[in-house]
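# Architecture and fold: a report
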Amino acid sequence: MKQDFKPNIVGFLCNWCSYAGADLAGSSKLEIKPYLSVIRVMCSSRVNSNLVLNAFLWGADGVLIAGCHPGDCHYEKGNYYVRRRFALLKKILETLDLEPDRLQLSWISASEGKRYAEVVNKFAEDITRLGPSAFHTNPNI
Amino acid sequence: MSNVLKIKKGVEQGVNELLKFLLESEKVKGIFTLRKMNENGAVSYSLITHPKELKNAVPLFPLMPVNAGKILSGFTLKKAINEPIAAVLRSCELRAFIELIKRTQGSLENFLLISSTCGGVYPLKSLTDGTFKEQVSQYWESAKNAEIASDIRPTCAACEYFIPQQADMTIAIVGKNDLQQECSIFLNTKKGEEFTIGAPGNIVSEEIDTKETTKLREKRQDQKKKLFDEFEKNGFGIKALVKTFAACLSCHGCSKACPICYCTLCDFDSKTHEYLPSSHEIELEQKGGIRIPPGTIFFHIGRMIHMAVSCVNCGMCSDVCPVNIPVSTIFSKVGDSLQKLFDYLPGKDIEEPVPSGTYKEEEFTEIGE
Ligand code: SF4
Ligand code: SF4
Ligand code: FES
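Residues numbered from 1 in each chain as written. Chains lettered and ligands numbered in written order. Predicted model: local features only at pLDDT ≥ 70, side-chain atom pairs only at ≥ 80, totals over all residues. Heavy atoms only, no water.

### Here's the deal with the interface of chain A and chain B
Test applied: By definition, residues are in contact when any of their heavy atoms lie within 4.5 Å. When two parts are brought into contact, each loses some accessible area as probed by a 1.4 Å sphere; the total of that loss over both is the buried area. Salt bridges are defined by distance alone: a side-chain nitrogen of Lys or Arg within 4 Å of a carboxyl oxygen of Asp or Glu.
On the side of chain B, 44 residues touch chain A, which itself brings 36 residues to the contact. Carbon and sulfur atoms make up 69% of the area that chain A and chain B hide from each other, which totals about 3,900 Å². It is W58, R84 and I141 of chain A that lose the most area in chain A upon contact with chain B, and together they represent 20% of the buried surface on that side. Note that E363 of chain B is salt-bridged to R84 of chain A, the shortest N-O span being 2.9 Å.

Here it is, written out as structure tokens:
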């Protein structure tokens, strides 16, 4: 069943960089695995950890947060906050062994269409390998 | 070395004498302390302004009906108190209060903070199951000998922060051989010194950290390791978590008792996490079955995200859990790893921002690349 498993990945993309990066990847006709459901946010810092949890609960096998490189945030420091928040959530998932690899944060600028395609494809591969997440398949949660 | 006020009375009596002095001399307007409610050992926090009401005060009683940090935050949330109040509270209660202040939930202003080297508290259930009286009889002996008193809250037995950091005065209990004859009150701050001018007793110079306190700290550290090891034996991962919280009623009592959970409306009690018929449908489609009440594990993980970095290991959550889930062990474990990550000790330094509300430009630089 793993072979034909098509993961559900939620991608929270910052409007000012990663979303534009995704656009560029598309208009450059790069090959991108079709598993990412994109949610556009005004800044990576809009993504609080409850949004991430909810994504997992409602069916995500992986969650990607992408924003501007440190120093380039449109609101100056949003991505510094989200980086901490991410480190914290990741540490909780690690401590309880809750498959931390299903969560990723990547900096992708508006001009990095190629990087966007690479990040998404690599993450999709990783998640495909991990298989469906117990968060939305275990009936006892 | 600090100045220590010595009162030639047993420790409990000595502290009461000090409180009486503070109130009668009008150095403080009120005393916030535990008070006996009945003969079976029930106590509750009280605010006392008349010296005669002090007669049932039991400031060092080894029970914690509520984490006092939560109450003091409630007192000062809107406005700092405008007259001096002496508050007697335990190390983890003081730490919780400071965490709350850092989260703009209160003010230290006008408090005279009196704490003690802490021998721990008993679970509240020991009152109802009738074991308290027997247990408490060996409490002072254990404290005196710097031993872990048996049957105290598991989290107390594993607590290494029993010497309070922020108190104006600290009543020495751990490892004090002469507890029954003499009451030693360490004056840690200028404020502590000023308020005791004219108090009964004499001043000597002593060190709060002794061979005995070190001994207890080591024992408690061992115990902490054991507690975590025990927990880890159940394994981790989603299956283990489901098992641990299998009996959870979703009553959210743990978060209501937690001093750090201060939100008036918890996100998990709000519409955001309301389960509509459509939510059930989606879940049923995904899983073929759902647990009711739903969202239990998410509630606990969500709570960890919001507060575990500030967890002071007070044990209130485990204590109030109706189905005996070791909530505080799990939160301590997660809290411990988060606190190490940010090199942060909750309640240690009032100037240091809570890790989740700040950042440094040069940190976690490997993330995102
Ligand atoms: S999570 Fe439990 S142990 Fe930690 S501060 Fe809250 S009530 Fe105390
Ligand atoms: S107090 Fe116990 S039963 Fe109630 S929500 Fe917390 S863990 Fe679950
Ligand atoms: S605007 Fe892109 S991360 Fe803040």
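### Considerations on helix 13 (residues 296–307) of chain B
Put simply, the rule reads: For helices the rule is a DSSP run of H or I covering at least 4 residues; for strands it is a run of E covering at least 2, with both sets numbered from the N terminus onward. Helix span is expected to be 1.5 Å times the residue number reduced by one. Each residue's exposure class comes from its accessible area (1.4 Å probe, protein chains only) as a fraction of the maximum for that residue type: buried when under 20%, exposed when over 50%, partly exposed otherwise.
Relative to the 16 Å expected for 12 residues at 1.5 Å per residue, helix 13 of chain B spans 17 Å between its end C-alpha atoms, a close match to the ideal helical length. Residues of helix 13 of chain B that are buried include every one of T296, I297, F298, F299, H300, I301, G302, R303, M304, I305 and M307 of chain B, and no others. The elements touched by buried residues of helix 13 of chain B are helix 2 (49–57) and helix 3 (78–95) of chain A together with helix 10 (237–244), helix 11 (253–257), helix 14 (316–320) and helix 15 (327–341) of chain B.

### Considering the pattern of salt bridges
Residues and elements named next belong to chain B. The full count for this structure, using the stated rule, is 30 salt bridges over all chains. Put simply, E283 and K287 hold a salt bridge, and the shortest N to O gap is 2.8 Å. Linking E283 with K287, this pair stays in helix 12 (residues 277–287), spanning four residues, or about one helical turn. Neither residue differs from the other here; E283 and K287 are each classed as buried. A salt bridge links K340 to D336; its shortest N-O distance comes to 2.9 Å. A residue pair is termed a helical-turn pair when its members lie 3 or 4 positions apart in one helix, as K340 and D336 do in helix 15 at four residues. The class of K340 is exposed, set by a relative accessible area of 62%. For D336, a relative accessible area of 17% gives the class buried. Salt bridges linked by common partners bring K6, K8, K176, E182 and E206 together as one network.

### A short note on unusual backbone geometry
Here the residue pair I292 of chain B and P293 of chain B is connected by a cis peptide bond, since its omega of -5° sits within 30 degrees of zero. Positionally, P293 of chain B belongs in the loop between helix 12 and helix 13. A positive phi is found at E76 of chain A, a non-glycine position, where the angle reads about 70°. Turning to its location among the elements, E76 of chain A is positioned in the loop between strand 3 (62–67) and helix 3. Relative accessible area serves as the criterion here: at 64%, E76 of chain A is assigned to the exposed category. The phi torsion at D97 of chain A lies on the positive side, around 55°, for a residue other than glycine.

### Focus: the nonpolar core
Filter applied, for reference: Each nonpolar core is a collection of buried residues, namely Ala, Val, Leu, Ile, Met, Phe, Trp, Tyr and Cys, held together in the definition by side-chain atoms within 4.5 Å. These domain boundaries are the output of an automatic or database domain assignment.
Counting residues in each nonpolar core, the largest one holds 127 residues, and the members touching the most others are V63 and I92 of chain A together with L18, L22, I114, I185 and I301 of chain B. Here this core spans two domains, since at least three of its residues come from each of domain 1 (2–225) and domain 2 (233–368) of chain B. Apart from the residues lying within four places of it in its own chain, the contact partners of L22 of chain B are K27, V28, I31, A86, L112, I114 and F195 of chain B. Of all hydrophobic cores here, the second largest spans 15 residues; its members include I9, L13, L36 and A124 of chain A.

### As for a nonpolar patch on the surface
Going by this rule: Two joining distances apply to patches: 9 Å for like charges and 5 Å for nonpolar side chains (Val, Leu, Ile, Met, Phe, Trp, Tyr), and every residue must have over 30% relative accessible area and no salt bridge. Each accessible area is a Shrake-Rupley estimate made with a 1.4 Å probe; only the visible protein chains count as cover when residues are assessed.
On the surface, a nonpolar cluster with roughly 320 Å² of combined accessible area is contributed by W16, M42 and Y75 of chain A. Locating M42 of chain A in the fold gives a position in the loop between strand 2 (36–41) and helix 2.

### Notes on the layout of surface pockets
Put simply, the rule is: For cavity detection a 1 Å grid was placed over the protein atoms alone, and a set of points counts as a cavity when a 1.4 Å probe fits there but cannot get out; an open set counts as a pocket when protein lies on both sides within 12 Å along at least five of seven lines, with lining residues being those that have an atom within 4 Å of a point. Grid points are joined across faces, edges and corners, and a volume is the space filled by probe spheres set on the points.
Quantified by volume, the largest pocket comes out at close to 740 Å³. Around the largest pocket sit 33 residues that line it, and R103, Y262, C263, H306 and M307 of chain B are the ones nearest its centre. At the level of secondary structure, the elements contributing two or more residues to the lining of the largest pocket comprise helix 2 and helix 3 of chain A together with helix 11 and helix 13 of chain B.

### Regarding the environment of K90 of chain A
All names here are of chain A. Relative to the helices and strands, K90 resides in helix 3. Its relative accessible area of 16% is what places K90 among the buried residues. Through-space distance from the C-alpha of K90 to that of R40 is 22 Å; in sequence the pair is 50 residues apart.

### Side note on the domain arrangement of chain B
Residue and element names in this part refer to chain B. Partitioning chain B into structural domains gives domain 1 (2–225) and domain 2 (233–368). The C-alpha centroid of domain 2 is placed 29 Å from the C-alpha centroid of domain 1. Taken together, the contacts link 24 residues of domain 1 with 33 residues of domain 2. Here domain 1 packs against domain 2, burying approximately 2,400 Å² in sum over the two surfaces, 52% of which is carbon and sulfur. For domain 1, the biggest contributors to the area lost against domain 2 are R95, K102 and R103; these three give 27% of the whole.

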